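Survey of secondary and tertiary structure
Listed below are the residues making up each chain.
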Amino acid sequence: MYVKICGLRTADHAQTAIEAGAHAVGVVMNRTSARRASDDEARAVIEASRGSADTVLVVNDMPAEHAARTARRLGFDVLQLHGRAYGEQDFAAALEVVPRVWRATSLDLDPPLEVGAWGEEVLLLDAPKPGSGERWDLSDLADRAPDGTWMVAGGLSPANVREAVDAVRPWGVDVSSGVETAPGEKSSELIRAFVEAALRA
Ligand SMILES: O=C(O)c1ccccc1N[C@@H]1O[C@H](COP(=O)(O)O)[C@@H](O)[C@H]1O
């Protein structure tokens, strides 16, 4: 099970996630997030993770090409274009700049459910409100869960990740709110508990 811990802003939390066994760490840089990281915070996470985990820039309100240039400038491994702001042409524009782009979306947008449909390496299916900690009805994926490198997100936590994995058998899981004590306040204890539960699932 591939495990991503998202919304990190410190080297300590990145190291905690990686030592617990996470495969990816995410940094959110869109304007409106409680987890918005500065360039220096992003660099600290990237430096702490280099060679040990995929570093993922997450945006949902930045033009795709600008986001891709930001990912390249700061040294991220992956760009995650998240949500309704991005269409197929945005993915093409981003892929001109960076080689690895993930497509994060939700079923209410009626997205294509084939991994790679817009050139992405990974498809991430999330709740309609990204980063809200809200769950969604995974049974909506009955008979149409994707194949291949796809992840589930949206209201996951140490307590429910196993149930989510059992329900839809994703390739990976992604969490932000479920490893926080308040919006934007990551907990090392919850990060460890989530990674351990996900790896056991
Ligand atoms: O976390 C955010 O603030 C955020 C903002 C904009 C786009 C995506 C964001 N986070 C993504 O949301 C899901 C998980 O959220 P949660 O666990 O329900 O809080 C994950 O894919 C994050 O990358």
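The model shown is predicted, which means the values in this text are computed figures rather than measured ones.

Take the overall build of the protein chain next. When its secondary structure is counted, the protein chain shows 6 helices and 10 strands. Here the C-alpha atoms of the protein chain give a radius of gyration of 15 Å, agreeing with the 17 Å that 2.2 N^0.38 yields for 201 residues. Its C-alpha atoms put the protein chain at 40 × 35 × 30 Å along the principal axes. Across the 201 residues of the protein chain, 52% fall into the buried class. Here the protein chain has roughly 8900 Å² of accessible surface; of this, 45% comes from carbon and sulfur atoms. With 21 positive and 31 negative side-chain charges, the protein chain shows a spacing of 3 Å between the two charge centroids.

Let us now look at helix 3 (residues 64-74). Along helix 3, the positions that sit buried rather than exposed are Ala 64, Ala 67, Ala 68, Thr 70, Ala 71 and Leu 74. Projection of helix 3 onto a plane perpendicular to its axis shows the buried side chains occupying an angular sector of 160°, all on one side. Contacts made by the buried residues of helix 3 are with helix 2 (39-49), strand 3 (54-59), strand 4 (78-82) and helix 4 (88-95). Once helix 3 finishes, Gly 75 follows within two positions and takes phi at roughly 95°, a positive value.

A few words now on the sheet that holds strand 5 (residues 101-105). Strand order in the closed barrel made by the 8 strands is 1-2-3-4-5-6-7-8, with parallel pairing throughout. In this sheet, adjacent strand axes meet at a mean angle of 25° when their direction is disregarded. In terms of strand pairing, strand 2 (residues 24-28) meets strand 3 through 5 bridges, oriented parallel. Note that in strand 3 the partner of Val 28 across the bridge is Val 58.

A few words on the layout of surface pockets. Its boundaries defined by the atoms lining it, the largest pocket holds a volume of some 410 Å³. If you trace the largest pocket, you find 28 residues lining it, with Arg 35, Asp 126, Pro 130, Gly 131 and Ser 132 closest to the centre. Going through the elements one at a time, strand 3, strand 4 and strand 8 (172-175) are the ones with two or more residues in the lining of the largest pocket. In the lining of the largest pocket, the residues fall into 9 nonpolar, 14 polar and 5 charged.

Calculation criteria
- Residues numbered from 1 in each chain as written.
- Predicted model: local features only at pLDDT ≥ 70, side-chain atom pairs only at ≥ 80, totals over all residues.
- Heavy atoms only, no water.
- Helix = DSSP H or I, 4+ residues; strand = E, 2+ residues; numbered from the N terminus.
- Rg over C-alpha atoms; globule rule 2.2 N^0.38 Å.
- Buried < 20%, exposed > 50% of the residue type's maximum accessible area, 1.4 Å probe, protein only.
- Areas by Shrake-Rupley, 256 points an atom, 1.4 Å probe, with all protein chains shown as cover.
- Lys, Arg positive; Asp, Glu negative; His and termini not counted.
- Charge placed at Lys NZ, Arg CZ, Asp CG, Glu CD.
- Arc of directions from axis to C-beta.
- Contact = heavy atoms within 4.5 Å.
- Pairing = 2+ DSSP bridges.
- Axes fitted to C-alpha atoms, helices over the stretch in contact; angles between N-to-C directions.
- 1 Å grid on protein atoms, 1.4 Å probe; cavity = no way out; pocket = protein on both sides within 12 Å on 5 of 7 lines; lining within 4 Å.
- Points joined across faces, edges and corners; volume = space filled by probe spheres on them.
- Nonpolar A, V, L, I, M, F, W, Y, C, P; charged D, E, K, R; others polar.

In short, shape yes, function no, at least from these values alone.
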